[in-house]
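Observations on the three-dimensional arrangement
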Amino acid sequence: MLKIKNLSVKTNNIEILNNLNLHIKAGEIHVIMGTNGSGKSTLAKTIVGHPQFKASKGEILFEGQNILKLAPDKRARLGIFLSFQYPTEIPGVNNASFLRMAYNTHQKSQGHPALDPLEFEDLLQNKLKIANISEKYLDRAVNAGFSGGEKKKNEILQMAVLEPKLAILDEIDSGLDIDALKSVANSVNSLKNKNNAIILITHYQRILNYIKPDYVHVIHKGQIIKSGDKTLAHKLEKKGYEWLITNP
Amino acid sequence: MAHHKSIIIKKNIVKTLILTEKKDTDITYNITMQKNSKLTLINIKNNIKSTDHTNIILAENSSLNCIYISLPKETIENHIQVDLNGKNANCKLNSLSIVNKENKIINKTLINHNFSESTSDQLFKNILNDHSYSEFSGLIHIKRHAQKTKANQLNKNLLLSDTAKSIAKPQLKIQADNVKCAHGSSTGQINQDELFYLQSRGLTIKQAKTMLIMGFAKEIIDFITIKKVKKSLEKLL
Ligand SMILES: Nc1ncnc2c1ncn2[C@@H]1O[C@H](COP(=O)(O)OP(=O)(O)OP(=O)(O)O)[C@@H](O)[C@H]1O
Ligand SMILES: [Mg+2]
């Protein structure tokens, strides 16, 4: 589904990702861990086409197509989704209208009919249940004044509505209370199937008690320096990053 | 041709006036609000040229809620003077202008707080495209006896092109010592982070921009509580 080959990325002429490689197949869950500033969010933002991060080398193939030149909205309509580490607040833009427009734009690009507000309302009820978020957030402006945890749940709601093929979840577990963590993990599990894939960026082993990864990667100075299975996350939790960085 | 219209809102009366000019205008409205009266004044000008003067006098306990929507052809000038002449007289002025081509919007307000314990809130928003121009001059004058006045004034401009221009001239003249007064102005283009967020969910640039522009306008449109007017306005925009 996703093939990243020798990817180097710069912002403001500083190299942040350096010759990074990553292969993801449909049905897989990949965890990415790494110290602060190692390049995890940069990788996520580069995949979805953030204008600040430009590839200076390498390619990103999504279902065989090099997406590096595609605009962010095109990539989204291909089925790539990023749950942001820090979701943007958008005052004045109604959450429900935004969700419907996003949904209908995806429908249209797949040759499906758009839903009117009432039809969409029905669909949303189901999605609200999956995301375990109250419908009172629909009437508010997108993320505006939402608490940290509410923002994360709103990202999950968007994921539930858009049903992406590839979902990148950047620290979806940061700032969540114990119940919310369980709830978000359950949502992710119920959205997971054999046709889609997930990249889960996290600092903590804790969320992996609920979401079972196929692979765990460690990123350091913009490169993946170690890959393994979920036991790697346990090892990191116990020993920290030092042992890996000094003798990878 | 200039002409005058006088309107009196009698004691204890609650009234809504909707002024939708269809032709170019040059009118002076003189409105007197008696004790305990309430007036909602909605002034919609679409694709016309106009210079209007609106002078409103408020007595004790009266409250005024003005909403100006201006889409100029050439130039629209709104001159608004409010005299708060009694205790608990409150006025709200909200305005949204959408200006294209080489058109101009000029809003000039003068709020006289002539008596103690009155309030005024002003929010003037402009969406400017192409080579358009906006000017907001607002003077808040708090007279010597007008203690415990609360006055707010804000001008916000959204520039959709590099060639649009906006000017804000806020002025405060405060002669009383126990007052709460705030004013400010901001001018900016579409927020790139907001735009990217919407795009990352699949909205085209055009859809995303429209959504953000409507979001900017919404704050003013939401002050209109009459459903029919609100609907037709949303269509217009
Ligand atoms: N616009 C920018 N200008 C300069 N440096 C930047 C810019 N954006 C990111 N960086 C740098 O790139 C590096 C990687 O940042 P990134 O956000 O990808 O880290 P991260 O692995 O997600 O960290 P964290 O775990 O703290 O979220 C950091 O050193 C950061 O300061
Ligand atoms: Mg990060």
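Everything quoted here is computed from the prediction, not taken from an experiment.

**Thoughts on the confidence of the model for chain B**
- Residues with a pLDDT of 70 or more make up 99% of chain B, whose mean pLDDT is 95.
- Model confidence for the complex: the whole-complex pTM is 0.91, and ipTM, which rates the interface, is 0.96.

**Notes on the pattern of salt bridges**
- Counted by the stated rule, this structure contains 14 salt bridges over all chains.
- The residue A:Glu63 makes a salt bridge to A:Lys165 at a minimum N-O spacing of 3.1 Å. Of this pair, A:Glu63 sits in the loop between strand 4 (54–62) and strand 5 (65–66) while A:Lys165 is found in the loop between helix 5 (148–162) and strand 9 (166–170), placing the two residues 102 residues apart along the sequence.
- For A:Lys165, a relative accessible area of 34% corresponds to the partly exposed category.
- For B:Lys230, the salt bridge goes to B:Asp222, with nearest N and O atoms at 3.1 Å.
- When salt bridges with common partners are traced through the structure, they connect B:Lys218, B:Asp222 and B:Lys230 into a single cluster.

**Structural notes on helix 5 of chain A**
All names here are of chain A.
- Between its first and last C-alpha, helix 5 extends 22 Å over 15 residues, near the 21 Å set by a 1.5 Å rise per residue.
- With 13 of its 15 residues buried, helix 5 lies for the most part within the structure.
- One or two residues past the end of helix 5 sits Glu 163, with phi positive at roughly 40 degrees.

**So, the packing of aromatic side chains**
- Tallied over the entire structure, the rule returns 6 aromatic pairs over all chains.
- Ring centres of A:Phe84 and B:Phe196 lie 5.9 Å apart, and the angle between their planes is 80 degrees; this geometry places the pair in the edge-to-face category. Here A:Phe84 is found in the loop between strand 6 (80–83) and strand 7 (90–94), whereas its partner B:Phe196 is found in helix 1 (residues 192–199) on a different chain.
- Taken together, a centroid distance of 5.5 Å and an interplanar angle of 35 degrees make the contact between A:Phe84 and B:Tyr197 tilted. Taken together, the residues A:Phe84 in the loop between strand 6 and strand 7 and B:Tyr197 in helix 1 connect one chain to another. Comparing A:Phe84 with B:Tyr197 shows no difference in burial state: the two are buried.
- What links up through ring pairs into an aromatic cluster is the set A:Phe84, A:Phe98, B:Phe196 and B:Tyr197.
- Here A:Lys239 stacks its cationic end above the ring of A:Trp243, 4.7 Å away from the centre of that ring.

**Considering the coordination of the magnesium ion (ligand 2)**
Residues and elements named next belong to chain A.
- Around the magnesium ion (ligand 2), the donor atoms from the protein are Ser 41 (OG) and Gln 85 (OE1), and they sit 2.0 to 2.1 Å away. Taken together, the residues Ser 41 in helix 1 (residues 40–48) and Gln 85 in the loop between strand 6 and strand 7 connect sequence positions 44 residues apart.
- Exposure remark for Gln 85: the relative accessible area of 18% places this residue in the buried category.

**A short note on the pairing of strand 4 (residues 38–58) of chain B**
All names here are of chain B.
- Direction of pairing for strand 2 (residues 14–21) relative to strand 4: parallel, over a ladder of 8 bridges. Counterpart to Val 14 in the pairing with strand 4 is Lys 38.
- Across 6 bridges, strand 3 (residues 27–33) lies against strand 4 in parallel orientation. Among the inter-strand pairings, Ile 31 is bridged to a residue of strand 4, identified as Ile 56.
- Pairing geometry for strand 4 and strand 5 (residues 63–84), over 19 bridges, is parallel. Looking at strand 5, one finds that Leu 39 is bridged to Leu 64.

**A short note on a negative patch on the surface**
- Where like charges cluster on the molecular surface, the negative patch consists of A:Asp116, A:Glu119, A:Glu121, A:Asp122, A:Glu135 and A:Asp139.
- Here A:Asp139 is to be found in the loop between helix 4 (117–131) and strand 8 (141–142).

**Topic: the sheet that holds strand 3 (residues 29–33) of chain A**
Residue and element names in this part refer to chain A.
- The 6 strands lie next to each other as 6-9-10-3-11-12, forming an open sheet whose pairing is mixed. Every interior strand has two partners, whereas the edge strands, strand 6 and strand 12 (223–228), have only one. Taking each pair of neighbouring strands and ignoring which way they run, the sheet shows an average axis angle of 20 degrees.
- Across 4 bridges, the pairing between strand 6 and strand 9 is parallel. Residue pairing for strand 9: Leu 82 is matched across the bridge by Ile 168.
- Each of strand 6, strand 9 and strand 10 (197–201) is contacted by helix 5, which is oriented at about 165 degrees to strand 6, the strand it contacts most.
- Sheet strands in contact with helix 7 (residues 230–239) are strand 3, strand 11 (215–220) and strand 12, and its direction is about 50 degrees off that of strand 11.

Definitions and limits used
- Residues numbered from 1 in each chain as written.
- Chains lettered and ligands numbered in written order.
- Predicted model: local features only at pLDDT ≥ 70, side-chain atom pairs only at ≥ 80, totals over all residues.
- Heavy atoms only, no water.
- pLDDT = per-residue confidence, 0-100.
- Salt bridge = Lys/Arg side-chain N within 4 Å of Asp/Glu carboxyl O.
- Helix = DSSP H or I, 4+ residues; strand = E, 2+ residues; numbered from the N terminus.
- Buried < 20%, exposed > 50% of the residue type's maximum accessible area, 1.4 Å probe, protein only.
- Expected span 1.5 Å × (residues − 1).
- Phe/Tyr/Trp six-rings, centres within 6.5 Å; stacked < 30°, edge-to-face > 60°.
- Lys NZ or Arg CZ within 6 Å of the ring centre and 35° of its normal.
- Donors = N, O, S within 2.8 Å, 3.2 Å for Na, K, Ca; no water.
- Pairing = 2+ DSSP bridges.
- Patch = residues over 30% accessible without salt bridge, like charges linked within 9 Å, V, L, I, M, F, W, Y side chains within 5 Å.
- Areas by Shrake-Rupley, 256 points an atom, 1.4 Å probe, with all protein chains shown as cover.
- Lys, Arg positive; Asp, Glu negative; His and termini not counted.
- Charge placed at Lys NZ, Arg CZ, Asp CG, Glu CD.
- Axes fitted to C-alpha atoms, helices over the stretch in contact; angles between N-to-C directions.
- Contact = heavy atoms within 4.5 Å.

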